[in-house]
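# Observations on chain architecture
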Amino acid sequence: MRTLLDAHGDALGHGAAAGPTVVKVNRDELTGLADAAGTDAGALVRGWLAAGSEAVIVTDGAAPTRVDTASARYTVESPRVPTRSAVGSGDAFAAGLVRSLLTDPAGGWPAHLRLAAACGASNAASVLARLAAEHPPSALIDRVVVRTEAGR
Ligand SMILES: Nc1ncnc2c1ncn2[C@@H]1O[C@H](COP(=O)(O)OP(=O)(O)OP(=O)(O)O)[C@@H](O)[C@H]1O
Ligand SMILES: [Mg+2]
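Report follows, based on the coordinates. Because the structure is a prediction, the values reported are computed rather than measured.

Turning our eyes to something else, we now look at the overall build of the protein. Scanning the protein for helices and strands turns up six helices and six strands. Along the chain direction, N to C, the helices and strands of the protein fall in the order β-α-β-α-α-β-β-β-α-α-α-β. Computed over the C-alpha atoms, the radius of gyration of the protein is 15 Å, within 12% of the 15 Å expected from 2.2 N^0.38 for a compact globule of 152 residues. For the protein, with 152 residues in total, the buried portion stands at 41%. Of the contacts made within the protein by residues no fewer than 6 positions apart, 55% connect residues no fewer than 24 positions apart. Accessible surface, the protein: about 7700 Å² in total, of which carbon and sulfur atoms supply 53%. The protein carries 14 positive and 15 negative side-chain charges, and their two centres are separated by 6 Å.

Rolled over the atoms, a probe sized like a water molecule indicates the empty space that remains. Size it by volume and the largest pocket reaches roughly 480 Å³. D60, G61, A62, A86 and S89 are the residues nearest the centre of the largest pocket, which is lined by 22 residues in total. Of all the elements in the fold, those that place two or more residues in the lining of the largest pocket are β2 (22-26), α2 (27-37), β3 (55-60), α4 (89-103) and α5 (109-124). In terms of residues, the lining of the largest pocket owes the most to one element, α5, which gives four residues. A class-by-class count of the residues in the lining of the largest pocket yields eight nonpolar, nine polar and five charged. Counting only domains with at least three residues in the lining of the largest pocket, you end up with domain 1 (1-60) and domain 2 (76-152). Its boundaries defined by the atoms lining it, the second largest pocket holds a volume of some 160 Å³. Lining the second largest pocket are 14 residues, with G42, V45, R66, D68 and R73 sitting closest to its centre.

What follows covers the side chain of N123. By secondary structure assignment, the location of N123 is in helix α5. Looking at N123, the relative accessible area reads 2%, which means it is buried. At a separation of 2.9 Å, a polar atom in the side chain of N123 contacts the main-chain amide nitrogen of R130. Other than its neighbours up to four places away in sequence, N123 contacts S85, A86, V87, G88, S89, A92, L128, A129, R130 and L131.

Turning to the sheet that holds β3, a few remarks are in order. If you trace the six strands from one edge of the open sheet to the other, you get β1-β2-β3-β4-β5-β6, paired in mixed fashion. With partners counted over all chains shown, the strands left at the sheet margins are β1 (4-5) and β6 (145-150), one partner each. Here two bridges tie β1 to β2, and the two strands are oriented parallel to one another. From the neighbouring strand, L5 faces β2, where its bridge partner is V23. Along the sheet, α2 contacts β2, β3 and β4 (63-69); its crossing angle with β2, the most-contacted strand, is approximately 95 degrees.

Conventions we followed
Residues numbered from 1 in each chain as written. Chains lettered and ligands numbered in written order. Predicted model: local features only at pLDDT ≥ 70, side-chain atom pairs only at ≥ 80, totals over all residues. Heavy atoms only, no water. Helix = DSSP H or I, 4+ residues; strand = E, 2+ residues; numbered from the N terminus. Rg over C-alpha atoms; globule rule 2.2 N^0.38 Å. Buried < 20%, exposed > 50% of the residue type's maximum accessible area, 1.4 Å probe, protein only. Contact = heavy atoms within 4.5 Å. Areas by Shrake-Rupley, 256 points an atom, 1.4 Å probe, with all protein chains shown as cover. Lys, Arg positive; Asp, Glu negative; His and termini not counted. Charge placed at Lys NZ, Arg CZ, Asp CG, Glu CD. 1 Å grid on protein atoms, 1.4 Å probe; cavity = no way out; pocket = protein on both sides within 12 Å on 5 of 7 lines; lining within 4 Å. Points joined across faces, edges and corners; volume = space filled by probe spheres on them. Nonpolar A, V, L, I, M, F, W, Y, C, P; charged D, E, K, R; others polar. Domains from an automatic or database assignment. Polar contact = N/O pair within 3.5 Å; in protein donor to acceptor, adjacent residues only side chain to side chain. Pairing = 2+ DSSP bridges. Axes fitted to C-alpha atoms, helices over the stretch in contact; angles between N-to-C directions.

Bear in mind that shape data such as this cannot, by itself, settle questions of function.
Pasting the structure below:
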């Protein structure tokens, strides 16, 4: 079974140790756990990959998303949108990621991350926690920039 963990605090620490397929956190959740555990964020990420996760994704609002896998590191730049409320953008990002993983399993991380970021940005352009009808993911996805640093 493939799993995605989006949590903070103790639930994040204990859940990530179980090796979910994907760990998706925001920067505050990662640094919060690192501070509480007396370690640094990089060590946590490396530990989660060693525990079996295929990808550790750290979102940071409109700033670039950092993604680590066993073989590569990615930076994801979201398209600029008129931001109305980013509440729920993490959930929209996770939903887009899962959709891509399920419908295009061979697509690769850059493709999965493109749909995820397009969904997160679309949600940010909506006052309510939902995709913005005037800025749908399909209109944003080609403006997502994914940079790959191979051989980590
Ligand atoms: N203002 C924005 N403009 C464009 N894209 C955004 C913006 N805010 C968020 N996003 C997109 O949504 C993704 C997730 O956002 P964020 O880091 O705020 O998640 P989060 O803190 O988990 O949110 P929440 O817990 O409220 O669902 C970002 O990586 C980015 O792709
Ligand atoms: Mg979140």
